[in-house]
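A closer look at the structure
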Amino acid sequence: MTDIRRVGLIGGGVIGAGWAARCLLNGLDVDLFDPDPEIGRKMEAVLGNARRAYRRLFPDAGAQEGRLRLVSSVEPAVEAADFVQESLPERLDLKQAVLAAASRAAGDDVIFGSSTSGLLPSDMQKDMAGADRLVVGHPFNPVYLMPLVEVCGGALTSEDAKRKAAAFYRSIGMHPLMLKQEIDGFVADRLMEALWREALWLVHDGIATTEEVDEAIRFGPGLRWSFMGTFLTYRIAGGEAGMRHFMAQFGPALKWPWTKLTDVPELTDAFVDRIAGQSDDQAGSMSIRELERLRDNCLVSVLSALRTQGYGAGATVDRHGDLLRDRAQAAAREGGIDPSMPLHLHDCRVESDWTDHSGHMTEGRCLQVFGAASDALLRHVGVDVADSHRGKGYRTAESHVVTIGDAALGEPLYVTTQVLGVEATRLQVFHTLYKRDDDTPVATAEQMLIHVDAGSRRPTSADDRVLDGLNAIAAAQKFLPKPAGAGRFVGA
Ligand SMILES: NC(=O)C1=CN([C@@H]2O[C@H](COP(=O)(O)OP(=O)(O)OC[C@H]3O[C@@H](n4cnc5c(N)ncnc54)[C@H](O)[C@@H]3O)[C@@H](O)[C@H]2O)C=CC1
Ligand SMILES: C[N+](C)(C)CC(=O)CC(=O)[O-]
């Protein structure tokens, strides 16, 4: 944890909007300045996509978001901030001037991060008040999902500033890579640029189209890179003899005429037209926002899969998911959940792929939300739901869903849960899904969950601790009237 509650953002383009989304979804307030007259609309579009992706990646994170304030100049964006992140266009003169002004308006002890992809912090910090507090915090797009942030100090940057910046980035679920020395382009952009340069040559020389270059990556090495990177992958490619054998066998090829890595093809108008035209064909009719959602879906799937392995980026996501869940539970406890009332443990919003042709939430998604509400109840009484899916745990054996109203795209919703019955192996619950804005009910579900052993596939008693928690809720709720729909069957 850090004591950073409010973040000042300068620039709200592709990267600044991504920072805003990551901070807001981690419960931090954001003050953002961007002179673009369309900033409000663009921010909403990015935030919509980010919410959708973040909820899929961290379904237990709760619905608490920070507050976004759009301001009309740099000073109010930084005056009350505990941390400032600059995401201005990649122009040294602009970054120097704005950082100089912002550093005079912000508190003395506030750390500044710059999103630059390759400018040197020594150059950017020159005119700042308190130049020792500037670090590069180079993120990756989309900032709200990609864990990596390269942290690099300049000649004047203090170790303390780098340490504090890294702690902040970690607290919002990122993986800071601490660079030992200042270098143009940092580490990841140097690697990506080497690949990009070679890719441009392949298209330039007519050897492959933009689509074929991308296929060569996404059906092949890109899959391995996402979890092991280059060196560990190549170590395995050396067989039992490992890296030394790999170097001996493939090292000499570095001198063969395979690559043109030191050269860049000239970006003539004709060449840029060719790249842009092929790229348009590749994207087909998909808009940028649709492509972003496709990218986010895939990233969430990859990160979720890596999470199950607790490896690489999956370990970062796993730790942060646990932290967000614990925070959501603590907030629920602090919010003074009254066990004698139907428990409000799950919040959500109707996502873009939750609706049918009429624009309303589908029955299948209602069931998914009720499943998430059951999971929230189980977590509330101390069940490690992710773990229980692998071993002993509750499985939903029966559900009776009743549709009462409609919920439209984007509608904020919440579920309340009443515990109707608890036995050693059985749990009967009644959920009601409401619209958050006016508390009108949308649907109900009565569910029977059975506690089973995944190995033997037989019912088995839940832990005493869990049963005690559930029985305590059932006892507190026993004076509630039986829900109107409970015990109904189809046709009743
Ligand atoms: N796009 C990318 O993939 C990545 C970009 N970066 C870095 O992030 C920084 C921002 O890049 P993008 O977001 O891609 O650029 P962008 O062009 O999408 O956004 C820049 C934003 O800055 C705003 N702006 C211009 N002058 C301003 C001022 N005086 N005060 C406040 N805002 C101002 C613009 O209106 C625009 O919305 C750059 O340093 C870039 O190198 C880092 C990682 C990835
Ligand atoms: C193209 N780029 C140099 C701006 C890319 C980055 O800096 C990081 C990324 O998101 O790939």
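Residues numbered from 1 in each chain as written. Chains lettered and ligands numbered in written order. Predicted model: local features only at pLDDT ≥ 70, side-chain atom pairs only at ≥ 80, totals over all residues. Heavy atoms only, no water.

Looking at an unreviewed UniProt entry, one finds the chain named L-carnitine dehydrogenase, with Microbaculum marinisediminis as its source organism. Looking at the chain in UniProt, the text filed under Catalytic activity (unreviewed entry) is "carnitine + NAD(+) = 3-dehydrocarnitine + NADH + H(+)". Recorded under Subunit (unreviewed entry), the UniProt text for the chain is reproduced unchanged: "Homodimer." (UniProt positions renumbered as here; feature names shortened; annotations may be inferred.)

Section: the overall build of the chain
Check the secondary structure of the chain and you find 16 helices and 14 strands. The C-alpha extent of the chain, read off along each of the three principal axes, is 75 × 55 × 45 Å. A separation threshold of at least 6 residues defines the contact pool for the chain, and within that pool the share at least 24 residues apart is 70%. In the structure as shown, the chain presents an accessible area of about 25,400 Å², 55% of it carried by carbon and sulfur atoms. Distance between charge centroids for the chain: 5 Å, based on 53 positive and 68 negative side chains. (Helix = DSSP H or I, 4+ residues; strand = E, 2+ residues; numbered from the N terminus. Contact = heavy atoms within 4.5 Å. Areas by Shrake-Rupley, 256 points an atom, 1.4 Å probe, with all protein chains shown as cover. Lys, Arg positive; Asp, Glu negative; His and termini not counted. Charge placed at Lys NZ, Arg CZ, Asp CG, Glu CD.)

Quick look at the site of ligand 2
With respect to spatial proximity, the complete set of residues near ligand 2 consists of Ser-117, His-138, Pro-139, Phe-140, Asn-141, Asp-189 and Met-192. The separation between an oxygen atom of ligand 2 and a polar side-chain atom of Ser-117 is 3.1 Å. Residue Asp-189 places a side-chain N or O atom 2.9 Å away from an oxygen atom belonging to ligand 2. When its residues are assigned to classes, the shell around ligand 2 shows three nonpolar, three polar and one charged. (Near = heavy atom within 4 Å. Polar contact = N/O pair within 3.5 Å; in protein donor to acceptor, adjacent residues only side chain to side chain. Nonpolar A, V, L, I, M, F, W, Y, C, P; charged D, E, K, R; others polar.)

Thoughts on the site of ligand 1
Ligand 1 sits among 20 residues. The nearest are Ile-15, Asp-34, Glu-90, Lys-95 and Ser-117. Interatomic distance of 2.6 Å between a side-chain N/O atom of Asp-34 and an oxygen atom of ligand 1. Its free accessible area being 830 Å², ligand 1 has 73% of it covered by the protein chains. For the shell around ligand 1, the class distribution of residues is eight nonpolar, eight polar and four charged.

Section: helix 14 (residues 363-380)
If you check helix 14, its first and last C-alpha atoms are 26 Å apart, about what 18 residues at 1.5 Å a residue would give, namely 26 Å. For helix 14, the set of buried residues is Cys-366, Val-369, Phe-370, Ala-373, Ser-374, Ala-376, Leu-377, Leu-378 and Arg-379. One or two steps after helix 14, the chain reaches Gly-382, where phi turns positive at roughly 95°. (Expected span 1.5 Å × (residues − 1). Buried < 20%, exposed > 50% of the residue type's maximum accessible area, 1.4 Å probe, protein only.)

Things to note about the UniProt feature "binding site: NAD(+)" (unreviewed entry) in the chain
Using the residue numbers shown here, the UniProt feature "binding site: NAD(+)" (unreviewed entry) corresponds to Gly-11, Gly-12, Gly-13, Val-14, Ile-15 and Gly-16. For Gly-12, the position within the fold is in the loop between strand 1 (6-10) and helix 1 (14-25). Ignoring any residue separated from it by four or fewer positions in sequence, one finds Gly-12 in contact with Ala-17, Leu-32, Phe-33, Asp-34 and Ile-39. By secondary structure assignment, the location of Val-14 is in helix 1. On the basis of relative accessibility, which here comes to 60%, the residue Val-14 falls in the exposed class.

Topic: the side chain of Thr-444
Of note, Thr-444 is situated in strand 13 (residues 441-453). Among residues more than four places away in sequence, those in contact with Thr-444 are Phe-370, His-400, Val-401, Val-402, Ile-404, Phe-430, His-431 and Thr-432.

Section: the environment of Arg-235
Tracing the backbone shows Arg-235 in helix 9 (residues 221-237). A residue is classified by how much of its surface remains accessible, and Arg-235, at 48% relative accessible area, is partly exposed. Residues Arg-235 and His-245 lie ten residues apart in sequence; the distance between their C-alpha atoms is 8.7 Å. If sequence neighbours within four positions are ignored, Arg-235 has contacts with Gly-242 and Met-243.

Quick word on empty space enclosed by the protein
Per the counting criterion, the structure on display carries two cavities of 30 Å³ or more. By volume, the largest cavity is sized at about 60 Å³. Arg-22, Tyr-54, Leu-57, Phe-58, Tyr-144, Leu-145, Pro-147, Gly-173, Val-317 and His-320 are the residues that line the largest cavity. Those elements that provide at least two residues to the lining of the largest cavity are helix 2 (39-57) and helix 13 (313-334). (1 Å grid on protein atoms, 1.4 Å probe; cavity = no way out; pocket = protein on both sides within 12 Å on 5 of 7 lines; lining within 4 Å. Points joined across faces, edges and corners; volume = space filled by probe spheres on them.)

Quick word on the domain arrangement of the chain
Here the chain is described as being made up of domain 1 (6-178), domain 2 (188-309) and domain 3 (339-476). Between the C-alpha centres of domain 1 and domain 3 there is a distance of 37 Å. Opposite the six residues of domain 1 that make contact, domain 3 presents seven residues. Summing the contributions of domain 1 and of domain 3, the shared interface buries around 670 Å²; its carbon and sulfur component is 37%. There are three salt bridges connecting domain 1 and domain 3. The tally of links from domain 1 across to domain 3 stands at one residue pair in polar contact (both at pLDDT 80 or more). (Domains from an automatic or database assignment. Buried area = accessible area lost by both parts, 1.4 Å probe. Salt bridge = Lys/Arg side-chain N within 4 Å of Asp/Glu carboxyl O.)

Section: the nonpolar core
Counting 42 residues, the largest nonpolar core has Trp-19, Phe-168 and Tyr-169 as its most contacted members. Mapped onto this core, the elements with two or more residues apiece are strand 1, helix 1, strand 2 (29-33), helix 2, strand 7 (148-153), helix 6 (159-171), helix 12 (288-309) and helix 13. Ranked by residue count, the leading element in this core is helix 2, at eight residues. Taken domain by domain, this core gets at least three of its residues from each of domain 1 (6-178) and domain 2 (188-309). Ignoring any residue separated from it by four or fewer positions in sequence, one finds Phe-168 in contact with Thr-2, Ile-4, Val-7, Cys-23, Leu-28 and Phe-83. Val-78, Ala-102, Ala-106 and Phe-112 belong to the second largest nonpolar core, which has 23 residues in total. (Core = buried A, V, L, I, M, F, W, Y, C linked by side-chain atoms within 4.5 Å.)

What to know about a nonpolar patch on the surface
On the surface, a nonpolar cluster with roughly 330 Å² of combined accessible area is contributed by Met-286, Ile-288, Leu-291 and Leu-294. Residue Leu-291 is classed as partly exposed on the basis of its relative accessible area, which comes to 31%. (Patch = residues over 30% accessible without salt bridge, like charges linked within 9 Å, V, L, I, M, F, W, Y side chains within 5 Å.)

Side note on the packing of helix 7 (residues 188-204) against helix 8 (residues 210-218)
Packing of helix 7 against helix 8 brings their axes to within 9 Å, and their N-to-C directions diverge by 135°. The orientation of helix 7 relative to helix 8 falls into the category oblique. Regarding helix 7 and helix 8, the two cross each other, and that crossing is right-handed. Contacts between helix 7 and helix 8 involve Leu-195, Ala-199, Leu-202 and Val-203 from the first element and Thr-210, Val-213 and Ile-217 from the second. When its residues are assigned to classes, the contact of helix 7 with helix 8 shows six nonpolar, one polar and no charged. (Axes fitted to C-alpha atoms, helices over the stretch in contact; angles between N-to-C directions. Parallel < 35°, antiparallel > 145°, perpendicular 65-115°, else oblique. Left-handed = near helix turned anticlockwise from the far one by under 90°.)

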